[in-house]
Amino acid sequence: MLLSAGEAKNLGPSSGPNRLRDLCTFCTISLDQEEVYRTKVYEKSVSPFYSEDFYFEIPRPFQCLSFYVYAKSMFQIRDLPVGKVAIRKEDLYKYCGKENWFQLQPVDPHSEVQGKVHLEMKLNELITENGSICQQLVVQIIACQGLPLISGQNCDPYATVTLVGPARSDQKKTKVKKKTSDPQFEETFHFEGKLLLPCFLGTCCSQKETVQSLRYSILNVEAVLHCKIWEIAFALFPRYLLQPKGNGTKSKPDDMGSLRLKVTYTEDNVLSSACYTALRNLMLKSPDVKPISASAAHVLGDICRESVGYEALLPVVRLLLHHNRLLPFLTSVAALELENTQEANTIFRGNSLATRCIDDMMKIVGRSYLTVTLKPVLNEIFESNKTCEIDPVKLKEGDNVEVNKENLQGYVQKVFTFITQSSSSCPPLMCDVFRSLRQLASKHFPADPHVQYSAVSSFVFLRFFAVAVLSPHTFQLRSHHPDPEISRTLTLISKTIQSLGSWGSLSKNKLVRQLLVIRFRCVHMIFNREVHKRAQGRKRIGKKNFKKRWLRVTNQELSYHKQKGKEALCVIPVKNILSVEKLEESAFNRKNMFQVIQSEKPLYVQAGNCVETNSWIEVLSQVSRCNPGRLSTFHPSAYVGGSWLCCKEPNESTPGCKPCTATVLANIQLDIDCDRETERIFSFFSSNRSRLQKMEDACAGMSVYLGQQEECSAFTIQDPKETFRTIKELGEVLDDLQAHHDSKGALTDEPGTM
């Protein structure tokens with residue numbers, strides 16, 4: 001779902017002491033009764049301009065999408081609800097992809113209702129023993145449907161039936177149904193009396209069992225039937241929409257203001273995995289297509305650019321990432337962008353297919369990296385709440401600009417220190433992508449020695465760390481937007497980080513130039529120390545069994561050298577490391593030993609002390625944590641004299657006898673449903689089929705062969721024949737997949753249809 005909270009206008013009553021011009025407001029987004037997002041807090045305006053976009057996958061069934069506007073007051077403990085907009089799921093298609101103004105409705109606990117109740121009623125006349133005529137009302141509560149979920153969970157509903165009269169009120173209650181939003185009651189109640197008054201009250205409540213459901217127990221909902229419509233009701237036995245309980249006056253809707261929203265809701269119908277084989281293989285082949293602009297993935301980005309920007313690239317990135325095909329694709333699209341870059345100082349600064357793909361990659365694989373790197377200092381900023389304002393125009397009375405400057409410098413220094421010391425936490429894929437960018441930039445601008453740094457800083461600082469500092473909630477570093485003062489502090493820190501990430505400012509400052517070299521440790525990490533290494537294949541006894549060697553590790557390889565700076569005696573690719581574990585002291589009667597397990601014989605290393613041992617294990621585990629085929633068990637001792645010393649097994653290839661040490665594996669592939677991602681790709685292709693046809697026509701036209709790009713300027717066509725071949729293959733695959741959908745009765749004509 002893609003949501004855009006645009007703006008609000010004329011919030012609150014039109015006059016009087018409750019006017020909101022002196023209060024700060026914000027907007028929240030809820031699925032049923034569960035808040036999922038909220039905007040920033042906007043200061044003192046009855047017409048705030050929110051202008052925030054939210055893109056998210058809906059993790060569970062829901063019935064109603066709601067937007068609440070709240071006002072914050074320094075004198076109130078709780079935020080004050082101003083009004084709400086509620087859209088039922090089945091009505092979302094009416095507003096899909098278009099901006100609409102919605103009138104805010106009043107918010108009170110008794111109005112938070114939804115669902116239907118199915119009733120059957122009969123009105124009979126009975127003759128009593130004394131001969132008088134008595135009326136009998138027979139009410140059958142059959143079922144309710146679509147009752148509200150509470151924080152995504154079903155409640156424990158029951159229904160009450162009340163007959164209201166001037167002399168007495170008679171109420172009866174159904175049994176409680178556990179954990180359901182569609183309870184089946186099938187219970188019948190009888191009411192008798194000389195004259196049944198013209199009001200029947202049916203109520204459905206949630207059982208008061210927990211504190212969470214107790215909050216909603218007052219959200220009683222009722223269906224009110226008057227005598228004049230009974231005859232119709234008895235004939236039709238309809239399902240009644242549940243309405244708010246009538247208790248007190250309500251504000252007029254036009255008094256609350258309005259909210260401008262744009263909602264794009266897409267519901268995917270995922271087929272069996274075999275149906276997606278052809279399209280999935282075509283997308284996975286993209287990194288190998290030459291030129292890359294003729295690949296299916298690049299074609300998708302081209303045809304969707306005008307309709308949805310580059311949103312269509314996210315499922316492509318996730319699919320390629322799952323199948324370990326993302327790095328070559330990112331390298332190729334980055335190289336294509338560099339071909340059209342004339343100035344080194346503008347490298348990767350625009351919003352292009354390459355930059356968007358790399359942005360998506362960093363958000364997916366770099367979330368845990370940001371948590372380790374920034375969360376501690378961000379928590380300190382939020383909790384200490386020191387003022388950092390240095391703009392004289394924005395200073396408040398009593399502020400000291402020098403003190404504020406020191407506060408800001410302290411925060412920036414901490415953030416920068418955390419970043420430059422985070423080399424071992426940087427995800428290997430990010431390091432590999434940045435290494436490719438450095439090489440591509442240096443090759444394209446050989447005369448500029450600094451371009452290799454600015455190429456990477458465009459992403460590391462400007463698009464990653466600076467964005468995370470500015471909007472920590474976006475990366476789940478904080479649960480909500482900060483208050484205005486903290487938001488201003490984060491803005492100042494983020495701008496400073498952006499400045500440090502710009503080579504133009506770095507080149508003017510010697511100290512920052514030195515920090516520049518440090519900061520790229522996270523891009524190309526190097527860790528080296530002098531250690532003792534056991535010679536491979538030697539027997540246990542022998543003075544020359546252990547020798548001093550210089551051990552060196554980067555993100556790509558582990559090597560050891562006779563001396564520092566000398567040629568490597570042995571190189572082990574990091575991708576071949578299966579595990580890194582401590583080695584028992586009894587193995588060689590030596591302390592501070594660890595083993596690097598690979599497909600060949602393990603490498604046994606003795607570090608200088610216990611601290612160095614742990615450092616080596618941590619660094620090597622981090623750089624190899626995403627390797628395929630990592631071991632789950634290992635031998636804590638060595639294989640010497642024909643058996644393992646730990647378990648006495650004679651076979652050297654026997655699986656380990658002890659579980660490997662738990663490491664934080666960045667195995668994001670587990671969270672990727674490739675069938676669903678491929679269905680999303682199909683949906684984007686299908687909704688842009690007309691543009692795909694235009695691109696095919698452009699490839700077939702003579703103008704593209706003559707170099708006349710006016711007619712096809714909206715597309716990137718380097719090789720018309722190869723691009724045409726890809727589009728024709730795409731057309732066949734899409735037609736075949738559409739046939740599968742048609743046979744299942746699925747609706748996939750437009751994203752947002754249901």
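Along each chain, numbering runs from 1 in the same order as the chain's sequence is written. Totals for whole chains, interfaces and linings use all residues, but because this is a predicted model, local features are given only for residues with pLDDT of at least 70 and pairs of side-chain atoms are given and counted only at 80 or more. With hydrogens and water excluded, all non-hydrogen atoms of the structure serve as input to the side-chain values.

The name given to the protein in an unreviewed UniProt entry is RAS p21 protein activator 2, and the organism recorded there is Sinocyclocheilus grahami.

Engineer: Can you break down the packing of helix 6 (residues 326–339) against helix 7 (residues 353–365) residue by residue, with the values?
Structural biologist: All axes are obtained by fitting lines to C-alpha atoms, using only the stretch in contact for helices, and the reported angles, taken between N-to-C directions, cover 0 to 180 degrees. In DSSP terms, a helix is any run of H or I states spanning at least four residues, a strand is any run of E spanning at least two, and both are numbered starting from the N terminus. Taken N-terminus to C-terminus, the directions of helix 6 and helix 7 make an angle of 150°; their axes are 8 Å apart at the nearest point. Crossing handedness for the pair helix 6 and helix 7: left-handed. Of helix 7, the residues touching helix 6 (which contributes Leu326, Phe329, Leu330, Val333, Ala334 and Glu337) are Leu353, Ala354, Thr355, Cys357, Ile358 and Met361. Of the residues that constitute the contact of helix 6 with helix 7, the class distribution is ten nonpolar, one polar and one charged. Handedness of each helix crossing follows the sense of rotation of the near helix against the far helix: counterclockwise by less than a right angle gives left-handed, clockwise gives right-handed. Two residues form a contact once any of their heavy atoms are found within 4.5 Å. Just so you know the grouping, Ala, Val, Leu, Ile, Met, Phe, Trp, Tyr, Cys and Pro go in nonpolar, Asp, Glu, Lys and Arg go in charged, and all remaining residues, Gly too, go in polar.

Engineer: Talk me through helix 11 (residues 451–470); I want residue IDs and the actual numbers.
Structural biologist: Here the bend at a residue is taken as the angle between two axes, fitted respectively to the seven residues that end there and the seven that start there. Along helix 11, the sharpest kink reaches roughly 40°, centred on Ser457. Accessible area is worked out with a 1.4 Å probe on protein chains only. A residue is then buried under 20% of its type maximum, exposed over 50%, and partly exposed in between. For helix 11, a buried count of 17 out of 20 residues is recorded, marking the element as mostly surrounded by other parts of the structure.

Engineer: I'd love a proper account of the nonpolar core, names of residues and values included.
Structural biologist: For soluble globular proteins, nonpolar side chains are generally found buried alongside one another. Counting 100 residues, the largest nonpolar core has Met361, Leu374 and Phe685 as its most contacted members. Element by element, the count of residues in this core is highest for helix 11, at eleven residues. Once residues within four sequence positions are removed from consideration, Leu374 is found in contact with Val415, Ile419, Phe465, Ala468, Val469 and Leu477. The set of buried Ala, Val, Leu, Ile, Met, Phe, Trp, Tyr and Cys residues whose side-chain atoms join them within 4.5 Å is what this entry labels a nonpolar core. In this structure, Leu3, Cys27, Ile29 and Val69 belong to the second largest nonpolar core, which totals 28 residues.

Engineer: Break down the sheet that holds strand 6 (residues 80–88) for me, with residues and values.
Structural biologist: Only when DSSP finds a minimum of two bridges between them are two strands counted as paired. Strand order across the open sheet formed by four strands is 3-2-5-6, with antiparallel pairing between neighbours. Two strands lie at the open edges of the sheet, namely strand 3 (34–38) and strand 6, each paired on one side alone. Here the strands of the sheet are splayed against their neighbours by 25° on average, with no regard to which way each runs. In this sheet, strand 6 lies alongside strand 5 (residues 64–72) in antiparallel orientation, the contact comprising eight bridges. Among the inter-strand pairings, Ser66 is bridged to a residue of strand 6, identified as Ala86.

Engineer: Before we move on, can you summarise the packing of helix 8 (residues 367–384) against helix 9 (residues 401–420) with the specific residues and values?
Structural biologist: A pair of packed helices can be characterised by two numbers: the angle between their axes and the separation between those axes. Relative orientation of the contacting elements helix 8 and helix 9 amounts to 165°, with a least axis distance of 8 Å. Taken together, the axis directions place helix 8 and helix 9 in an arrangement best described as roughly antiparallel. Here helix 8 runs over helix 9; the crossing is right-handed. Counted together, Thr373, Leu374, Pro376, Val377, Glu380, Ile381 and Ser384 of helix 8 and Tyr411, Lys414, Val415, Phe418 and Ile419 of helix 9 form the full contact between these two elements. A class-by-class count of the residues in the contact of helix 8 with helix 9 yields eight nonpolar, two polar and two charged. Angle categories: roughly parallel below 35 degrees, roughly antiparallel above 145, roughly perpendicular from 65 to 115, and oblique for all the rest.

Engineer: How would you sum up unusual backbone geometry? Please name residues and give values.
Structural biologist: What is expected of a backbone is that most residues other than glycine have negative phi and most peptide bonds are trans. The linkage connecting Lys290 with the following residue, Pro291, adopts the cis geometry, with an omega of -5°. Here Pro291 is to be found in the loop between helix 3 (277–284) and helix 4 (296–308). Positive phi is not limited to glycine here, since Phe348 has a value of about 55°. Tracing the backbone through its elements, the reader meets Phe348 in the loop between helix 6 and helix 7. Owing to a relative accessible area of 1%, Phe348 belongs among the buried residues under this scheme. For Asn589, which is not glycine, the phi torsion reads 55° and is therefore positive. Structurally, Asn589 is set in the loop between strand 22 (577–582) and strand 23 (593–598).

Engineer: Let's hear about the pairing of strand 17 (residues 258–264): which residues, and what values?
Structural biologist: When you tally the buried positions in strand 17, you get five out of seven residues, the bulk of the element. As paired elements, strand 7 (residues 99–103) and strand 17 share five bridges and run antiparallel to each other. Within strand 17, the position partnered with Gln103 by the bridge is Ser258.

Engineer: Provide a residue-level description of the side chain of Glu311, including the pertinent values.
Structural biologist: Relative to the helices and strands, Glu311 resides in the loop between helix 4 and helix 5 (313–322). Identification of polar contacts relies on pairs of N or O atoms within 3.5 Å, with a donor-acceptor requirement for protein atoms, meaning one able to donate a hydrogen and the other able to accept it, and with residues adjacent in sequence counted only if both atoms are side-chain atoms. Within the structure, Glu311 has its side chain in polar contact with the side chain of Arg356 (distance 3.3 Å).

Engineer: Pulling in residues and values, what's your account of the pattern of salt bridges?
Structural biologist: Only one rule defines a salt bridge in this text: a Lys or Arg side-chain nitrogen within 4 Å of an Asp or Glu carboxyl oxygen. Under the defined criterion, the tally for this structure stands at 20 salt bridges. We note a salt bridge from Glu90 to Arg88, for which the minimum N-O separation is 2.9 Å. By relative accessible area, Glu90 is classed as partly exposed at 43%. Note that Arg356 and Asp360 form a salt bridge whose closest N and O atoms lie 3.5 Å from each other. Here the residue Arg356 and the residue Asp360 both occupy positions in helix 7, the gap between them amounting to four residues, near one helical turn. Each member of the pair, Arg356 together with Asp360, is buried. If you follow the salt bridges from partner to partner, you end up with Glu311, Arg356 and Asp360 in one network.

Engineer: An account of the environment of Glu337 is needed here, citing residue identities and associated values.
Structural biologist: Looking at the secondary structure, you find Glu337 in helix 6. When its relative accessible area of 17% is taken as the criterion, Glu337 is described as buried. A sequence separation of eleven residues divides Glu337 from Phe348, and the C-alpha atoms of the two residues are 8.0 Å apart. Other than its neighbours up to four places away in sequence, Glu337 contacts Phe348, Ser352, Ala354 and Thr355.

Engineer: So what's going on with the side chain of Ser559? Which residues, and what values?
Structural biologist: Within the secondary structure, Ser559 sits in strand 20 (residues 557–561). A distance of 2.9 Å separates polar atoms of two side chains, one belonging to Ser559 and the other to His561. Sequence-distant contacts of Ser559, that is, excluding residues within four places in its chain, are made with Trp550, Leu551, Arg552, Ala568, Cys570 and Val571.

Engineer: Help me get a handle on helix 16 (residues 674–687), residues and values and all.
Structural biologist: Given a rise of 1.5 Å per residue, 14 residues ought to cover 20 Å, and the 20 Å separating the end C-alpha atoms of helix 16 matches this to within 8%. The element helix 16 is largely enclosed, with a buried count of twelve among its 14 residues. Of the positions making up helix 16, those classed as buried are Cys674, Asp675, Glu677, Thr678, Glu679, Arg680, Ile681, Phe682, Ser683, Phe684, Phe685 and Ser686. Looking at the packing, one finds that the buried side of helix 16 touches helix 3, helix 4, helix 5, helix 17 (689–700) and helix 19 (720–744). Working rule for helices: expected span equals 1.5 Å times residues minus one.

Engineer: Give a description of the pairing of strand 21 (residues 568–573) that names residues and reports values.
Structural biologist: Regular strands place side chains that alternate from one sheet face to the opposite one. The pairing of strand 20 with strand 21 spans five bridges and is antiparallel. The partner of His561 across the bridge, within strand 21, is Ala568. Where strand 20 folds back on strand 21, the antiparallel hairpin that results is connected by six residues, among which Gly565 adopts a positive phi of roughly 90°.

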